[in-house]
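# Per-entry structural report
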Amino acid sequence: MMFYAFYVCFLSFISFSIYQVVCSNKMNNDMIFLIAANYLLNISTTIFFFIYSNLLLALLSSIFLLIFAFFLIRSFKNVFGVYKFFSIPYLLLVSYAFSFILIECL
């Protein structure tokens, strides 16, 4: 149980920090960090769900993956000036993964 609390606190801290960076435009290449974070959260969600069958950690990872996907799309808007069309399918895929894991948890 302590591991779950540490995992949530750690990802919450990272999410809050990234939110501050993305909203204030303090980093020039924050999109690279957000893409790497999305890849890591995708991998961790997949590993927790399919390999370890740990639904709670998969649900937590998918929640943070959804948050980081919104940050990534906002970063695309900050860099390119408009929302890119190709970010919509990624957001739909992440939303589908979150809803699928949520249904499996219930």
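Residues numbered from 1 in each chain as written. Predicted model: local features only at pLDDT ≥ 70, side-chain atom pairs only at ≥ 80, totals over all residues. Heavy atoms only, no water.

## Here's the deal with the overall build of the protein
- Secondary structure summary: the protein contains 4 helices and 0 strands in total.
- Since a compact globule built from 106 residues should have a radius of gyration of about 13 Å, the 14 Å found for the protein is in line with a globular shape.
- Taking the principal axes of the C-alpha coordinates as reference, the protein spans close to 40 × 30 × 20 Å.
- For the protein, the proportion of its 106 residues judged to be buried stands at 32%.
- The contacts in the protein between residues at least 6 apart in sequence include a share of 70% that link residues at least 24 apart.
- In the form shown here, the protein has an accessible surface area of approximately 7,000 Å², with 75% of it arising from carbon and sulfur atoms. (Helix = DSSP H or I, 4+ residues; strand = E, 2+ residues; numbered from the N terminus. Rg over C-alpha atoms; globule rule 2.2 N^0.38 Å. Buried < 20%, exposed > 50% of the residue type's maximum accessible area, 1.4 Å probe, protein only. Contact = heavy atoms within 4.5 Å. Areas by Shrake-Rupley, 256 points an atom, 1.4 Å probe, with all protein chains shown as cover.)

## What to know about a nonpolar patch on the surface
- A cluster of nonpolar residues, F85, F86, I88 and L92, forms a patch on the protein surface that exposes about 520 Å² of accessible area.
- The residue I88 is located in helix α4 (residues 87-105) in this model.
- Take I88: its relative accessible area is 46%, and that puts it in the partly exposed class. (Patch = residues over 30% accessible without salt bridge, like charges linked within 9 Å, V, L, I, M, F, W, Y side chains within 5 Å. Salt bridge = Lys/Arg side-chain N within 4 Å of Asp/Glu carboxyl O.)

## Examining the nonpolar core
- Grouped together as the largest cluster of nonpolar side chains are 24 residues, with contacts concentrated most on Y7, I18, L34, L41 and F68.
- The biggest single contributor to this core is helix α3 (residues 55-80), with 12 residues.
- If we ignore the near neighbours within four places in the chain, the residues touching F68 are I14, S15, I18, L34, A37, N38 and L41. (Core = buried A, V, L, I, M, F, W, Y, C linked by side-chain atoms within 4.5 Å.)

## With respect to the packing of aromatic side chains
- By the definition in use, this model includes 9 aromatic pairs.
- Between F6 and F10, the ring centres sit 6.1 Å apart and the planes meet at 20 degrees, which makes this aromatic pair stacked. Taken together, the positions of F6 and F10, both in helix α1 (residues 2-24) and 4 residues apart, correspond to about one turn of that helix.
- Look at F6 and you get exposed, because its relative accessible area is 55%. (Phe/Tyr/Trp six-rings, centres within 6.5 Å; stacked < 30°, edge-to-face > 60°.)

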